[in-house]
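Chains, contacts and geometry: an overview
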Amino acid sequence: MKQFKLNKTHQTIEIPEVRKYLQAVNADELFELLKQFSDHVNKKFGENATEWCQHQYLKLIASRCMFVEDLPNENCEFLTEALIKANEAINFSCSCGYPLPKCHKHPPNFYKTALEILQGQRNKDSILQKITYLWRYRLKTELYGLNMTALLQYSNLELFIEHTKQLTGACLNCDKSIDTELMFTWTQVGKVCIQSLGAKNTLRIMEKYDQMIPNGALDVSFYQTCVFSHISVNANSTSKIKAEAPSRFLEDLDEMSKLQFQEGLAKYFQRKYSAEKNSCFDFGLDNSGVCLLCKLPLKNAILFETDVAKGCDHQFHKFCLERNGKVCNICN
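The notes below deal with the structure included here. (Residues numbered from 1 in each chain as written. Predicted model: local features only at pLDDT ≥ 70, side-chain atom pairs only at ≥ 80, totals over all residues. Heavy atoms only, no water.)

What about the overall build of the protein chain?
Scanning the protein chain from terminus to terminus reveals 16 helices and two strands. By the burial criterion, 39% of the 332 residues in the protein chain qualify as buried. Summarising the internal contacts of the protein chain: among those between residues at least 6 apart in sequence, 56% fall at separations of at least 24. When the accessible surface of the protein chain is totalled, it reaches about 20000 Å², and 51% of it is carbon and sulfur. (Helix = DSSP H or I, 4+ residues; strand = E, 2+ residues; numbered from the N terminus. Buried < 20%, exposed > 50% of the residue type's maximum accessible area, 1.4 Å probe, protein only. Contact = heavy atoms within 4.5 Å. Areas by Shrake-Rupley, 256 points an atom, 1.4 Å probe, with all protein chains shown as cover.)

Listed below in structure tokens is the structure:
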């Protein structure tokens, strides 16, 4: 009773003797004990202690090395109700129960226990509506998600419109207007497509659906990725470089490096469309290998300058070597 009264004003403080006693009993005994306590408080004081008892049960079960699936159905239902109550404040869902984009940034309290409960639930929809972050589990394990690249390549406008309502601010399930904070962007979708389909195919598809893409929705980084991926893959077709490699390279750049890369891209176009074209940009160094920092081929029309670190013969893109403080990652 002391712990119950204390938690009314100080929710996180625990009385050591009470915690020790509760930890000493098994899960079934704990359930019966808390149930009896709730009934006692209700009858004697007219107070509702159910929520407090649920939280104690959830907290203690989560701290034990045991499987939720081993609990009797009644205990598991009690635990599920406790879990939902513990996460009421971070429920980001549409009124229909579908998750809002921001929900993936807010893991639930007692996440490990939540996953165990979800895995044993026959009616998963009920808990997913209350704790929307757990859609992550469904999307990863039940293949419930949308394969955007396959949808784009299938190129059916009706299907595309049906499955991309979330890009226009409507709930994917019920069409109601939702908060689109942290929604993935057209640029992100485009970059995923570049990695799967290549730059040229992606641009063809984006052009086909341009009436659906808002002005400015594809930013500079998308077009940089297109150019860099296309150049890198085409120039090294014999080495079978994958389109995701140059894309990941650009994603890893910090702000200063992005500006430097943009300058390199501008120089590339100047050379490409210059009246005095020069096809040799390797400054006398062999560029048939790969850069030991970024793992991309040295042969690259944008990162065309190569260099060696001081005191060794290892070759790098000059851009990469400068980003690494002109230090060889092999020798140091």
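Structure shown, so let's carry the discussion forward.
Focus: the nonpolar core
Grouped together as the largest cluster of nonpolar side chains are 39 residues, with contacts concentrated most on Leu30, Cys53, Tyr57, Leu79, Leu83, Ile127 and Leu134. Listed by contribution, the elements that provide at least two residues to this core are α3 (27-45), α4 (50-62), α5 (73-86), α6 (111-120), α7 (124-130) and α8 (135-141). Setting aside chain neighbours within four positions, we find Tyr57 in contact with Ala27, Leu30, Phe31, Leu34, Leu71, Asn75, Phe78 and Leu79. In this structure, Phe228, Ile231, Tyr268 and Cys328 belong to the second largest nonpolar core, which totals 21 residues. (Core = buried A, V, L, I, M, F, W, Y, C linked by side-chain atoms within 4.5 Å.)

Concerning unusual backbone geometry
Of note in the backbone geometry, Phe110 takes a positive phi value of approximately 60 degrees without being a glycine. With respect to the element layout, Phe110 can be found in the loop between α5 and α6. In this structure Phe110 comes out as partly exposed when scored by relative accessible area, which is 25%. Despite not being glycine, Lys326 shows a phi value in the positive range, around 60 degrees. By the element assignment, Lys326 lies in the segment after α16 (318-323).

Scope: geometric values only; no functional claims are made or implied.
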